[in-house]
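Structural overview
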Amino acid sequence: MSSSVASPPQSGGRHQKKQNDKPASLWSDAWYDLRRKPAFVISAILIGVLLLMAIWPTLFSSVDPRACDLSVARQAPSAGHLFGRDNLGCDVYSRTIHAARNSIVIGVLTTVLVAVIGGLLGMVAAFYASMTDTVLSRLTEIFFAIPGILGALLIASTFRDQINSILLVIVSLTVLSWPMTFRIMRAAVITAKNQDFVVAARALGAGPSRLMFRHLLPNALAPVIVVSTINLGVFIAAEAALSFLGVGVQSPDISWGLMISDARDRFLDAPLPLIFPAVFLSITVLAFIMLGDAVRDALDPKLR
Amino acid sequence: MGRYVIRRLLQAIPVLLGATLLIFAIVFALPGDPIRALAGEKPPSPQVVEVLREQYHLNDPLLLQYWYYISGVLFRGDFGTTFQNVPVGDLMKATFPTTLQLALTALMIQAVIGVGLGLWAALRRGKAEDTMILASTLILISVPTLVSGFVLQLLLGVKLGLFPIAGTSEGWYSFLLPGFVLAGGSIAYLTRLTRTSLVETLRSDYIRTAVAKGMNRRRVVGRHGLRNALIPLVTFLGADLGNLMGGAVITERIFNINGVGSLLIRGVYERQQPIVVGVVTALVLVYILANLVVDLMYAVLDPRIRYE
C-alpha cells in the first residue's frame, strides 16, 4: 500500500527512511510508531499466545477437556490439574485452554462480517449520497435504538435450537453491530470524497468501483481498522455474556462464558472454576482493546 | 428552539416505530405455530386453535399484528399477556422500579467517580497521576461485567463482608455494589471524556483571559472550565441511562436482583415470547426517550445548537 501512486501523501512523514527519499506513508509511519509502544508489544504477544492456543490447544494441555469424573468434582488444584476441577469433575485448565478457540473464532468472524457489511454499505451510502444515503442512514438509526446486548439476546433466544449455536452468536452480534462501522466508514468516505485526488481521478474517467476501491477505500480504512480491533475484544466479551445468559455457545462446545455460567452455582464455596476462565476472558478482551488503543494513537496524526 | 424541538420529536417517531417493528418481526415472523407451542404435548381441538388464533390476531398479516401490538403498548400501556394469561405489563410494573433504581445508582456512581477522575487527570495532564488514571480506565473498560461482578461479589461481599452478596433487602445499600459493577465500563468512558473535554476547554481563549485577569485557579477551573466542559458529559450520562437499563440483565443475574432483566431471562428460559418482546420493547422505548431528552437538553445547555 505504501507504494500506491494513487494514494495521496497523508501525513507529513515524520520518520524519513534513510534508504529512499519518498515520504513515509501513513501505514509505515504508524508501524514505525507502533513497534516502539510497550502497549502494542504486550498486546501483540498476548494475542499471539491466544491465537496459538486457539489453533493448537493440545500444545498447552494434554488433558481431554471433556473427560469428566463426578467423583473428583471441585477438586483443588494439583500437579496434573493446575486449575483444579469444576462442578462436573472436568479439568478446568484444559477447558479454559480449549475455550479460546470458540472465543477467537466468534470474535474474528463477527469482526470481519461487521467490517465488510458495515464498511461496504457505509461506502456505498457516502459515495452515491442522496436517496441511497438517506435510506441506509435512517435504517442504521433504527438499529442504533436497540441496545446491543438486548438485541443479540433477542435474536439468539429466538433462533436457538434452529441453527448451530456458534453461528447464531456470530449472526446475532453482526446484525446489531454493523451500523457502527457503517457510520465510521460513511464519515470517512464523505471526507475523502471531495479531495482533489478523487476529483482528478473522476475527471480522468475512473468508474465508481475504481474510485471506491482504489481511491476512497485506502483513505477511509484507518478508522475502520481501529474500531474493528477494539470491537474484536467487545465481541468476545459479548459472546461470554450471551453464553452466560444461556443463549450463546451451548454444551458440549466449550466457552469461557459457559464455564462461568456452569461454575456459578457453587461459586461462593468453589470460586476457582469461575475465576480462571474469567481471568482468561478479561486478558483476551484487554489485549484487543489495548491493541486498538495503540493502533488508534499511531494512525491518528491529530493526537500527536 | 421551538422548531428544533418539533423536528427532533418528529425524527424520533420513525425510529421508535422501526425499532419496535424490528423486534416484533424477529420474534413473531418465524415459521412455526405459537399456539402449538402453547398447547404442549396434547394437540388442541381445531375449534380451540381457531379461537386462540383469532384472539391473538395470528391470522392477520405481520404488519397488522404489529399494529395491534404497538397501538396497545403506546396508547393503553398494554404489553400483551403471557401464555398463562398474566399481563406482561403487570410483571414489568413489579420489576421496573428495581432496575431503574439500579441504573440510577450506577449513573450516580459513574458521575461521581468518572468526573472526579477525569478532572484530576486533566489538571495533572502528562504527569504520573494522569498516566495511571488512563491506564486504569483501560482495565475498567476491558474487564467484562461478568467478571467484575463475580470477583467483587467474592472479594467485597464474601471475604470482607462489606456489602450484601445478593438481593435488594437492604435498600439503597444493597444497590451500591451491583451499581458499581454495572457502571464499570461507563466510568472509564466518562473519565476519558471529562479529561478530553476539560483539557480542550482549558485551552480556549476565555480561560486565558480569566487567568490573565488574575482570577484564582480554583475559580477558573470550576466556574469557567468545568461548566463548559460539562455539556458533553451531561449528554453522555443521559444517553447512558438507557444503556445501563439494558445492560442490567447480567448484573441482575449475578446479584440475584429481581428486576426487569431477570424477567427478560425468565422469558427466555420459559420461551415466553410475549415477555421477551414486551421487556425489550419497553427498554428500547426508555432508550429512545432518554436520547430524545438528552438532545433537547443539549439545545438548552448549548445555545449554538438551537440556531442551526
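Just so you know, these numbers come straight off a predicted model, no measurement behind them.

Considerations on the overall build of chain A
- In terms of helices and strands, chain A carries 10 helices and 0 strands.
- With the principal axes as the frame, chain A shows a C-alpha extent of 75 × 50 × 25 Å.
- Pairs at least 24 apart in sequence give 69% of the contacts found in chain A among residues at least 6 apart.
- As displayed, chain A offers around 13600 Å² of accessible surface, 65% of which is attributable to carbon and sulfur atoms.

Some thoughts on the UniProt feature "transmembrane region" (unreviewed entry) in chain B
All names here are of chain B.
- Within this structure's numbering, the places UniProt gives as "transmembrane region" (unreviewed entry) are residues 12–30, 100–120, 132–152, 172–190 and 275–301.
- Secondary structure content for residues 100–120 is 100% helix and 0% strand, while the C-alpha to C-alpha distance between its ends is 30 Å.
- Annotated as 100% helix and 0% strand, the span residues 275–301 places its first and last C-alpha atoms 38 Å apart.

A short note on the domain arrangement of chain B
All names here are of chain B.
- Partitioning chain B into domains gives domain 1 (2–88) and domain 2 (94–260 + 286–301).
- Of note, the centres of domain 1 and domain 2, computed from C-alpha atoms alone, are 36 Å apart.
- Facing the 7 residues of domain 1 at the interface are 6 residues of domain 2.
- In total, about 600 Å² of surface goes out of reach between domain 1 and domain 2, with carbon and sulfur atoms giving 79% of it.
- Sorting the residues of domain 1 by area buried against domain 2 places Tyr4, Arg8 and Leu9 first, and these three jointly supply 62% of that buried surface.
- Applying the counting rule to domain 1 against domain 2 returns 1 salt bridge.
- Between Asp295 and Arg8 there is a salt bridge, with the nearest N and O atoms lying 2.5 Å from each other.
- Where domain 1 touches domain 2, the interface holds 1 residue pair in polar contact (both at pLDDT 80 or more).
- A breakdown of the residues in the side of domain 1 that touches domain 2 according to their chemical character gives 6 nonpolar, no polar and 1 charged.

Concerning helix α10 (residues 217–254) of chain B
Residue and element names in this part refer to chain B.
- Under the 1.5 Å per step criterion, the end-to-end length of α10 is only 45 Å for 38 residues, more than 12% shorter than the ideal 56 Å.
- Maximal helix bending in α10 amounts to about 45°, located at Ala248.
- Residue Asn256 follows α10 closely and has a positive phi angle near 50°.

Description of unusual backbone geometry
Residue and element names in this part refer to chain A.
- A cis amide bond links Ser251 to the next residue, Pro252, at an omega of 10°.
- If you trace the backbone, Pro252 turns up in the loop between α8 (208–244) and α9 (256–263).
- A positive phi is found at Ala129, a non-glycine position, where the angle reads about 50°.
- In this fold, Ala129 is placed in the loop between α3 (92–128) and α4 (130–144).
- Assessed through its relative accessible area of 27%, Ala129 is described here as partly exposed.
- A positive phi is found at Ser130, a non-glycine position, where the angle reads about 35°.
- Counting through the fold element by element, Ser130 comes out in helix α4.

A few points about the pattern of salt bridges
Residues and elements named next belong to chain B.
- Following the criterion strictly, the structure yields 11 salt bridges over all chains and no others.
- Note that Glu129 is salt-bridged to Arg124, the shortest N-O span being 3.6 Å.
- Relative accessible area serves as the criterion here: at 24%, Glu129 is assigned to the partly exposed category.
- With a relative accessible area of 33%, Arg124 lands in the partly exposed category.
- Note that Glu270 is salt-bridged to Arg266, the shortest N-O span being 3.4 Å.
- Residue classification places Glu270 among the partly exposed positions, given a relative accessible area of 43%.
- Residue Arg266 is classed as partly exposed on the basis of its relative accessible area, which comes to 37%.

Re the UniProt feature "domain: ABC transmembrane type-1" (unreviewed entry) in chain A
- Following the UniProt record, the feature "domain: ABC transmembrane type-1" (unreviewed entry) maps to residues 100–292 of chain A here.
- For the annotated span residues 100–292 of chain A, helix accounts for 82% and strand for 0% of the residues, and the straight-line distance between the end C-alpha atoms is 20 Å.

Focus on the interface of chain A and chain B
- Tallying the contact residues gives 41 residues for chain A and 44 residues for chain B.
- Counting each side, the surface lost to burial between chain A and chain B is near 3700 Å², with a carbon and sulfur contribution of 78%.
- Remark: the boundary between chain A and chain B carries 1 salt bridge.
- Taking the shortest distance from any N to any O, the salt bridge between Asp293 of chain A and Arg192 of chain B comes out at 3.2 Å.
- Run the count over chain A and chain B and you get 4 residue pairs in polar contact (both at pLDDT 80 or more).
- Mapped by element, the contributors of at least two residues to the side of chain A that touches chain B are α4, α5 (148–159), α8 and α10 (272–299) of chain A.
- Top contributing element to the side of chain A that touches chain B by residue count: α10 of chain A, with 11 residues.
- The residue makeup of the side of chain A that touches chain B, split by class, is 30 nonpolar, 5 polar and 6 charged.

Procedures and definitions
- For every chain, the first residue of the written sequence is number 1, and numbering continues from 1 along that sequence.
- Labels follow written order: the first chain is A, the first ligand is 1, and so on.
- Per-residue local features are limited, in this predicted model, to residues with pLDDT of at least 70; the limit for side-chain atom pairs, both in listing and counting, is 80 or more; totals at the level of whole chains, interfaces and linings are taken over all residues.
- Working from all heavy atoms in the structure, the side-chain values ignore hydrogens and water.
- Only DSSP runs of H or I covering at least 4 residues are called helices, and only runs of E covering at least 2 are called strands; the numbering of each starts at the N terminus.
- In this description, contact between two residues means that some pair of their heavy atoms is separated by no more than 4.5 Å.
- The Shrake-Rupley method, run with a 1.4 Å probe, gives the accessible areas here. Residue values count only the displayed protein chains as cover.
- UniProt positions are given in the numbering used here, feature names are shortened, and annotations may be inferred rather than shown by experiment.
- Residue ranges for the domains trace back to a domain assignment, done automatically or taken from a database.
- As used here, buried area is the combined drop in accessible area, with a 1.4 Å probe, of two parts when they are placed together.
- The rule for a salt bridge is simple: a side-chain nitrogen of Lys or Arg has to be within 4 Å of a carboxyl oxygen of Asp or Glu.
- Between N or O atoms, a polar contact is any pair within 3.5 Å; within protein, one atom must be a potential hydrogen donor and the other a potential acceptor, and residues adjacent in sequence are included only when both atoms are from side chains.
- In this classification, Asp, Glu, Lys and Arg are treated as charged, Ala, Val, Leu, Ile, Met, Phe, Trp, Tyr, Cys and Pro as nonpolar, and every other residue, Gly included, as polar.
- Each helix should span, by expectation, one fewer than its residue count multiplied by 1.5 Å.
- The angle between axes fitted to the seven residues ending at a residue and the seven residues starting there is what we call the bend at that residue.
- In this scheme, a residue with accessible area under 20% of its type's maximum is buried, one over 50% is exposed, and one in between is partly exposed, where area comes from a 1.4 Å probe on protein chains only.

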